[in-house]
Amino acid sequence: MTLVSKLPHIGTTIFTIMSKMATDEGAINLSQGFPGFGSDPVLLEMVAKYTKGGFNQYAPMSGIPALKDILAKKTGLTQGYFPNPETEVTIVSGATEAIFSAVTAVVRKGDEVLVLEPAYDSYEPAITLNGGIPVYVSLNSGDFSVDWQKVKDAISPKTRAIMVNSPHNPSGYVWTVEDVNQLADLVEKTGIYVISDEVYEHITFDGRVHLSLGAHPVLREKTFVCGSFGKTFHVTGWKIGYCIASEELSSEFRKIHQYVTFSTVTPIQYALAEYLEVPERYLSIPDFYQKKRDLFVKGLAKTEFEFTPSPGSFFQLVSYGHLSSVSDRLLAERMTRELKVACIPISVFYSDKKDDKIIRFCFAKEGVELEQALDRLKNLKKILR
Ligand code: PMP
Ligand code: GLN
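No experiment lies behind these values; they were computed from the predicted model shown. (Residues numbered from 1 in each chain as written. Chains lettered and ligands numbered in written order. Predicted model: local features only at pLDDT ≥ 70, side-chain atom pairs only at ≥ 80, totals over all residues. Heavy atoms only, no water.)

Per the secondary structure count, the chain includes 17 helices and twelve strands. The C-alpha atoms of the chain give 21 Å as radius of gyration, which agrees with the globular expectation for 385 residues (21 Å, within 12%). Principal-axis analysis of the C-alpha atoms gives the chain an extent of 60 × 55 × 50 Å. When each of the 385 residues of the chain is scored for burial, the buried share is 55%. Within the chain, contacts between residues separated by at least 24 positions form 76% of all contacts whose residues are at least 6 apart in sequence. Accessible surface computed for the chain: about 16500 Å², of which carbon and sulfur atoms make up 54%. (Helix = DSSP H or I, 4+ residues; strand = E, 2+ residues; numbered from the N terminus. Rg over C-alpha atoms; globule rule 2.2 N^0.38 Å. Buried < 20%, exposed > 50% of the residue type's maximum accessible area, 1.4 Å probe, protein only. Contact = heavy atoms within 4.5 Å. Areas by Shrake-Rupley, 256 points an atom, 1.4 Å probe, with all protein chains shown as cover.)

Right, here's the structure in full:
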């Protein structure tokens, strides 16, 4: 008997491949996106307190009330709208689960789902597994902003949903008010749902503000806002996130969540609920990351790469097409083996593996590690053959 794969084109993710290569080669790992520093010891103490305190059995399916309440308050403070914690906020096991469950809630066989690319790798399999058809729309080259005419042209009577992501992985592009309004105009009076990946909501630079789609009166009714505490509090391994959506959407979402994971890790929910009581703990994150981005781009300016400073997320893209025509995958491998700095080739974020000679670095690392990596990157020319 041969198992016919439901995902025949999917292999191991590039993040796993490059992180393993970095470890095998003893390279500085600026590939997979995860912080190279610890979380606030106060938060870690809180987790210890709740695990030792006996908060170790199943949490309620949609999350513990204290965490849903404080998350609704935080949304009010940062985005100016207050979702109903009881009916509109669901705690899940990472944004990946939120995205999967949201797609599963709305996408049926034969539905088309618009995906703006380059795109994060989990969107396509979530759509395909649900019988949906991804329809790709390229972001503008250069700044990776959205070409709204192209999005409009891609809409058909079969369009069921659109996946969006701001701040964007891999480019860092942060949506403007204009982008939000354009999307609202496009989907208003249609049956199109929006799955909004906002995991980098607290990582924006140079005074930019993150605009959650849930804050828009038209989009609120149609959008699943997917977030991740892993990104916000430097604990990607905890795999805990959330979905905010209208009561109608949340109720369908919860039916899926109930049978994907049922509920999410209990003591960490209690710890996060207490930790989130102090807004400064998330309001200080843009400044914290801005220092890292500034340090990184200052060093990059002394290398041969071309780039514009990332507007958001903890990623920085750089181009090397003016120096070499080597493929981005091969360059990433050579950089890991020979320069001992690992990165991610951007072609993997495109459905057709388009190679624009751009690679991605994650700068969520300690200053010394970034300095060391930057020092090595000055030798780029030596490996461009
Ligand atoms: N979306 C994007 C754009 C991401 O970069 C990530 C993080 N890897 C995720 C979703 C998944 O987040 P989580 O680890 O909470 O599942
Ligand atoms: N989101 C992370 C990145 O873009 C990776 C997460 C993962 O390995 N799946 O690097």
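So, about unusual backbone geometry. Here Glu117 and Pro118 are connected by a cis peptide whose omega angle stands at 10°. Position of Pro118 among the secondary structure elements: in the loop between strand S3 (112-117) and helix H6 (123-129). A positive phi is found at Phe262, a non-glycine position, where the angle reads about 70°. By the element assignment, Phe262 lies in the loop between helix H11 (247-260) and helix H12 (266-275). Phi is positive for Lys340, which is not a glycine, with a value near 65°. With respect to the element layout, Lys340 can be found in the loop between helix H15 (328-339) and strand S10 (341-342). Accessibility expressed as a relative area gives 26% for Lys340, which makes it partly exposed.

As a further point, take the site of ligand 2. Residues in contact with ligand 2, as listed here, are Phe15, Gln32, Gly33, Tyr120, Asn169, Tyr200, Lys231, Phe315 and Arg360. For ligand 2, an oxygen atom lies 2.7 Å from a polar atom in the side chain of Gln32. Between ligand 2 and the protein, one listed contact pairs an oxygen atom with a side-chain N or O atom of Asn169 at 2.8 Å. Considering ligand 2 on its own, with 300 Å² of exposed area, one finds that the protein chains cover 81% of that surface. When its residues are assigned to classes, the shell around ligand 2 shows four nonpolar, three polar and two charged. (Near = heavy atom within 4 Å. Polar contact = N/O pair within 3.5 Å; in protein donor to acceptor, adjacent residues only side chain to side chain. Nonpolar A, V, L, I, M, F, W, Y, C, P; charged D, E, K, R; others polar.)

This next bit is on the pattern of salt bridges. Here the structure, examined in full by the defined rule, presents 15 salt bridges. The residue Glu25 makes a salt bridge to Lys340 at a minimum N-O spacing of 3.3 Å. With Glu25 in helix H1 (residues 14-25) and Lys340 in the loop between H15 and S10, the pair connects residues that are 315 residues apart, well separated along the chain. Assessed through its relative accessible area of 25%, Glu25 is described here as partly exposed. The closest approach of N and O atoms between Arg208 and Asp206, which form a salt bridge, is 3.4 Å. (Salt bridge = Lys/Arg side-chain N within 4 Å of Asp/Glu carboxyl O.)

In this section: helix H8 (residues 177-187). In an α-helix, one full turn covers 3.6 residues, which means residues spaced three or four apart are oriented alike. Within H8 the residues assigned to the buried category are Asp179, Val180, Leu183, Ala184, Leu186 and Val187. Buried residues of H8, viewed axially, fall in a sector of 165°; they line one side. Turned more than 90 degrees from where H8 packs its buried face, Val177 and Asp185 sit exposed. Along its buried surface, H8 packs onto helix H7 (148-154), strand S5 (159-165), strand S6 (193-197) and helix H9 (217-220). Looking at the residues trailing H8, positive phi occurs at Lys189, about 65°. (Arc of directions from axis to C-beta.)

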